[in-house]
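Chain by chain, the residues run as shown.
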Amino acid sequence: MPAGVLGAGFDHDGDGDVDLADFSDFVSCLDGPGVDATPECAGIHDGDGDLDVDLADFKAFQRAFGRIGAVQVAELTFTGDSFHAVAVDCPSGSCPYYGTPHWLDQNLDGDAEDSGDHKYPVAYIRNTQIGISGLEFGVVPADLELEDVPVLGTGPDGMVWEGTGTVSSGVLVVTGTLTSDAPLPNTVVFYDTLDIDWQVALDGANFYPSGTTRNPVYVTYADPMGQRLESYFYIGTNAANGQDEEQPAIDAIWDEFTDLYVLNAHGEVLGYYRDILCAGDCTYYTASTLVYYTYSQCGGWADLMIQCLQTQGIGGSQFITIEPRTDGTIPDDCGYTPSPAAGFLVKNYQFTSGDPGPCPTYPFRFNDPCSYYGQWPTPDVTDLPGIPGQDNENPASWFARHFIVKINLQYYDPSYGAGPFTGTTDQATAAWEWGAIAGYWGIAESSTSRLGVRRDVPQIRETFFDQ
Amino acid sequence: MGIRQYAISCGFALAVALAAVSPSAGIDSASDAVAQIAVVPRHNQWSLIDPDQHRALRNIIKTPAADRDRLIRLGDARERGIGIFIAEQQGDLDLLLSIAHLLDDDDPTIPYALPTAMPEQYATQTQTVAEYLSSVYLEWFGVDVDRSVEKYEELFGNVTDSSRLVRPWIVRLRRARDDSQATAQIKELVTQLPEEVRWAVATLGYYNGFYTEPEARTILSKLSAPIKNAIQGEGRLLPEEPLFRMNRGTYRTLALEHCRRLLSPSSDK
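Conventions adopted
- Residues numbered from 1 in each chain as written.
- Chains lettered and ligands numbered in written order.
- Predicted model: local features only at pLDDT ≥ 70, side-chain atom pairs only at ≥ 80, totals over all residues.
- Heavy atoms only, no water.
- Helix = DSSP H or I, 4+ residues; strand = E, 2+ residues; numbered from the N terminus.
- Buried < 20%, exposed > 50% of the residue type's maximum accessible area, 1.4 Å probe, protein only.
- Contact = heavy atoms within 4.5 Å.
- Areas by Shrake-Rupley, 256 points an atom, 1.4 Å probe, with all protein chains shown as cover.
- Pairing = 2+ DSSP bridges.
- Disulfide = S-S within 2.5 Å.
- Patch = residues over 30% accessible without salt bridge, like charges linked within 9 Å, V, L, I, M, F, W, Y side chains within 5 Å.
- Salt bridge = Lys/Arg side-chain N within 4 Å of Asp/Glu carboxyl O.
- Lys, Arg positive; Asp, Glu negative; His and termini not counted.
- Charge placed at Lys NZ, Arg CZ, Asp CG, Glu CD.
- pLDDT = per-residue confidence, 0-100.
- Phe/Tyr/Trp six-rings, centres within 6.5 Å; stacked < 30°, edge-to-face > 60°.
- Lys NZ or Arg CZ within 6 Å of the ring centre and 35° of its normal.
- Core = buried A, V, L, I, M, F, W, Y, C linked by side-chain atoms within 4.5 Å.
- Axes fitted to C-alpha atoms, helices over the stretch in contact; angles between N-to-C directions.
- Left-handed = near helix turned anticlockwise from the far one by under 90°.
- Nonpolar A, V, L, I, M, F, W, Y, C, P; charged D, E, K, R; others polar.

## Re the overall build of chain A
Part 1 of the argument: A tally of regular secondary structure across chain A gives eight helices and 27 strands.
Part 2 of the argument: Scored against the burial criterion, the 467 residues of chain A give a buried share of 57%.
Part 3 of the argument: Across chain A, every contact between residues at least 6 apart in sequence was considered, and the portion connecting residues at least 24 apart equals 68%.
Part 4 of the argument: As presented, chain A carries roughly 17700 Å² of accessible surface, and 50% of it is formed by carbon and sulfur atoms.

Okay, structure coming up:
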């Protein structure tokens, strides 16, 4: 058993202290290095966990000798001026926040993994102090009645929490809120678990290990905004770990999207459309549905990047819609005026016919993959493996519109991990268009609503970035 | 179905408001208006649906200020949302800045639509009054107040004159971009702005595609020497704007860098 767990740690007779009675039992177990101890001996006297009882364990015994009781941390709640609750990933717009206490070890076995236990994630802003309230320990023997018992917690990066509490009825309740003497690092930090080693001095002077709490802690660049789902914190903080300036933090978070391999807080890979070829069959459009169901349309990916930035307190990013122009730049199609339908094909597509189609504006006959419009018996356009998207080598590629993100005058396309596209809006649009677009579709035959495609990407801005 | 049911339930009060706009407006128009508001996307997708193509929307955004204010002040949660929609469409920033207390209003109001990648398809999403007002602030001022009055006060505390905010001028230019006359009028107003606001509007307007480079250079060339010197130096030149306060260094740095480039001699011959 780990040191500090009630009943363990050299307390052979289980009376909460370590005294001569326990020393007698220790000596009977002392078989030397490399000799497998019996389960009974190992469970109580193998202080270093190497399955024997030797002189190394005797040193630990000496340190524990005189302890008047055993203490194990049971629960705590994070607090403080820069504390931010983290919301549970869920597909709706109003996901619940993780409750309190944030650490709960009901059976006092040293972890928060058992039924009824939990360890919830929390978030803080960098360079601020962590407060801890509601700190309680289990104590044996249960008949101890003590006041002003010193409590000490030691965390990473020089953070220490000190306080005192009262022991009664087998519980040590620490008074008030303990605030770390040192602040968090002045950078974004991803603590997979922020381990705090607790020690308690029941006798008022000698501290003994009393367990370790291990909560995921996300330390953000600035004051978190938006929905604050766990996966938004996880992605952003993990990516921007160590950053202390805004633009490098943005760059680092963007890098997370460029390898087309993004994980949510539960270790699941997030995808762009996944195995869905018809965009209309994918009914997930938001970041919350993306991290919950693990795939979405492009709108969910653009939203995810914005949300990841917002949980870092980085605002000002914009959700940008890209649509074909309908302002007369493109000639009217051969169906309706004004054009009721228009969209684009994302690379790659094969154009196989030299035979002019029925519509000069959209000369290549095209069947949309989902029979949303009329279908030609012999189309001229074939979908080929093309630009890979997030966790998807060949995602859906027939769209009416697309969604990207604009940050500080730069354009990012999270669905494909492409960008940033820089320059003026026109320049950025052209760069995106040349990189991504195989052609533009519109109605080529009004009586049947069949589609045609313009293959060439013209030297003009043909898409329209809504801002 | 959900939208339609809602439209009927709050049609009466809205019809009263609409009646003040047009003799032909009535319950049907009110229902249409609510249904059409519900498909107006929020965030940065405001202009996807042109109110001119929706008769009921065209009517409702002409609602007189008194009726609009009554909807916000006395209406139920859905009517408060409609009032916010009208104020937002009318660009009445002073009103929007006077109703920040509604950031505490968690009652459900008019839904909004998310455009999808598919033609003509939108996904209806629910929202509270606070969420809707937050999205309106995001649209006009570029910052997320996160349904928090406290956050709003932190970001907007020093704002005393909404006409001196840079971001709303960019929004006005964007909304007017298909109307050359309206665009020209806004650009004329920009030339009358105080210098410390004008340079930022011209710079960000150029990088958002609303000014040509010669237009932006012309505006910037007319700045006074002290302002130009401040742009070239390290002085605090950006207006006390929520967007710049929230984004701290980055937006400030980018705006100044881009402006310095526009102030430098053009490489074009």
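Following the structure, the description resumes.
## Observations concerning the sheet that holds strand 26 (residues 450-454) of chain A
All names here are of chain A.
Part 1 of the argument: Pairing is antiparallel across the open sheet formed by five strands, whose spatial order is 19-26-25-17-21. The sheet is open, and its two edges are formed by strand 19 (364-366) and strand 21 (398-399), each paired on a single side.
Part 2 of the argument: Both strand 19 and strand 26 contribute to a ladder of three bridges, which runs antiparallel. Within strand 26, the position partnered with F364 by the bridge is V453.

## Overview of the sheet that holds strand 14 (residues 269-272) of chain A
All names here are of chain A.
Part 1 of the argument: Spatially, the three strands line up as an open sheet ordered 13-14-15, and their pairing is mixed. Of all strands in the sheet, those bounded by a partner on one side alone are strand 13 (262-263) and strand 15 (295-296).
Part 2 of the argument: Of the pairings in the sheet, the one linking strand 14 to strand 15 comprises two bridges and is parallel in character. Bridged to G271 within strand 15 is Y295.

## Some thoughts on the state of the cysteines
Residue and element names in this part refer to chain A.
Part 1 of the argument: Summed over the entire model, instances satisfying the criterion amount to three disulfides over all chains.
Part 2 of the argument: Bridging C90 to C95, the disulfide has an S-S length of 2.1 Å. Its S-S torsion of about -95° marks the bond between C90 and C95 as left-handed, since a negative value means left-handed.
Part 3 of the argument: Accessibility expressed as a relative area gives 12% for C90, which makes it buried.

## As for a negative patch on the surface
Part 1 of the argument: Judged by side-chain charge, D143, E145, E147 and D148 of chain A come together as a negatively charged surface patch.
Part 2 of the argument: For E147 of chain A, the location among the structural elements is in strand 7 (residues 146-154).

## Notes on the confidence of the model for chain B
All names here are of chain B.
Part 1 of the argument: In the predicted model, chain B carries a mean pLDDT of 78, and the fraction of residues at 70 or more is 72%.
Part 2 of the argument: Under a pLDDT of 50 for its full length, residues 1-11 has, in the predicted model, 19 contacts with residues more than four places off or in other chains.
Part 3 of the argument: In the predicted structure, residues 40-48 sits below a pLDDT of 50 and forms 43 contacts with residues beyond four places in sequence or in another chain.

## Some thoughts on the packing of aromatic side chains
Part 1 of the argument: If you walk through the whole model with that rule in mind, you get 38 aromatic pairs over all chains.
Part 2 of the argument: Ring centres of Y137 of chain B and F141 of chain B lie 6.0 Å apart, and the angle between their planes is 45°; this geometry places the pair in the tilted category. Here Y137 of chain B and its partner F141 of chain B are both found in helix 8 (residues 129-141), four residues apart, which amounts to about one turn of the helix. Assigned by exposure class, Y137 of chain B and F141 of chain B land together as buried.
Part 3 of the argument: Clustering of aromatic rings is evident, with ring pairs tying together F10, F23, F26, F58 and F61 of chain A.
Part 4 of the argument: R365 of chain A extends its terminal NZ or CZ atom over the ring of W376 of chain A, reaching a point 5.9 Å from the ring centre.
Part 5 of the argument: Looking at R172 of chain B, its charged tip hangs above the ring of W169 of chain B, at a distance of 4.4 Å from the centre.

## Focus on the nonpolar core
Part 1 of the argument: Of all hydrophobic cores here, the largest spans 79 residues; its most connected members are Y273, L304, L345, F366, W398, F399 and W441 of chain A.
Part 2 of the argument: In contact with F399 of chain A, other than residues within four places in its own chain, are Y272, Y273, A279, G343, F344, V346, Y416 and W441 of chain A together with A117 of chain B.
Part 3 of the argument: Membership of the second largest hydrophobic core comes to 36 residues, among which are L57, I110, W140 and F141 of chain B.

## Quick word on the packing of helix 5 (residues 246-258) of chain A against helix 7 (residues 298-311) of chain A
Residue and element names in this part refer to chain A.
Part 1 of the argument: Two elements in contact, helix 5 and helix 7, have axes whose closest approach is 10 Å; the angle formed by their N-to-C orientations is 145°. In this structure, helix 5 crosses over helix 7, and the sense of that crossing is right-handed. Every residue of helix 7 that contacts helix 5 at I250, I253, W254 and F257 is listed here: W301, L304, M305, C308 and L309.
Part 2 of the argument: A class-by-class count of the residues in the contact of helix 5 with helix 7 yields nine nonpolar, no polar and no charged.

## Notes on the pattern of salt bridges
Residue and element names in this part refer to chain B.
Part 1 of the argument: Applying the stated rule across the entire model yields 20 salt bridges over all chains.
Part 2 of the argument: The shortest N-O distance in the salt bridge between R68 and D92 comes to 3.0 Å. In this pair, R68 sits in helix 5 (residues 65-74) while D92 sits in the loop between helix 6 (77-90) and helix 7 (93-98), placing the two residues 24 residues apart along the sequence.
Part 3 of the argument: Accessibility expressed as a relative area gives 4% for R68, which makes it buried.
Part 4 of the argument: In this structure D92 comes out as partly exposed when scored by relative accessible area, which is 22%.

## Digging into the environment of D57 of chain A
Residues and elements named next belong to chain A.
Part 1 of the argument: Along the chain, D57 falls in helix 3 (residues 55-64).
Part 2 of the argument: Here the alpha-carbon distance between D57 and D46, two residues eleven residues apart in the chain, equals 6.0 Å.
Part 3 of the argument: Not counting residues up to four positions away in its chain, the partners in contact with D57 are F10, F26, H45, D46, G47, D48, D50 and D52.

## Some points on unusual backbone geometry
Residue and element names in this part refer to chain A.
Part 1 of the argument: A cis amide bond links T100 with the next residue in sequence, P101, at an omega value of -5°.
Part 2 of the argument: Position of P101 among the secondary structure elements: in the loop between strand 2 (84-85) and strand 3 (103-104).
Part 3 of the argument: That bond from V140 to P141 is cis: its omega, 0°, falls within 30 degrees of zero.
Part 4 of the argument: Mapped onto the elements, P141 comes out in the loop between strand 6 (131-140) and strand 7.
Part 5 of the argument: Non-glycine residue S169 carries a positive phi angle of around 55°.
Part 6 of the argument: In this structure, S169 sits in the loop between strand 8 (160-168) and strand 9 (171-174).
Part 7 of the argument: Owing to a relative accessible area of 60%, S169 belongs among the exposed residues under this scheme.
Part 8 of the argument: Its identity is not glycine, yet R274 carries a phi of approximately 55°, on the positive side.
Part 9 of the argument: The topology assignment puts R274 in the loop between strand 14 and helix 6 (287-293).

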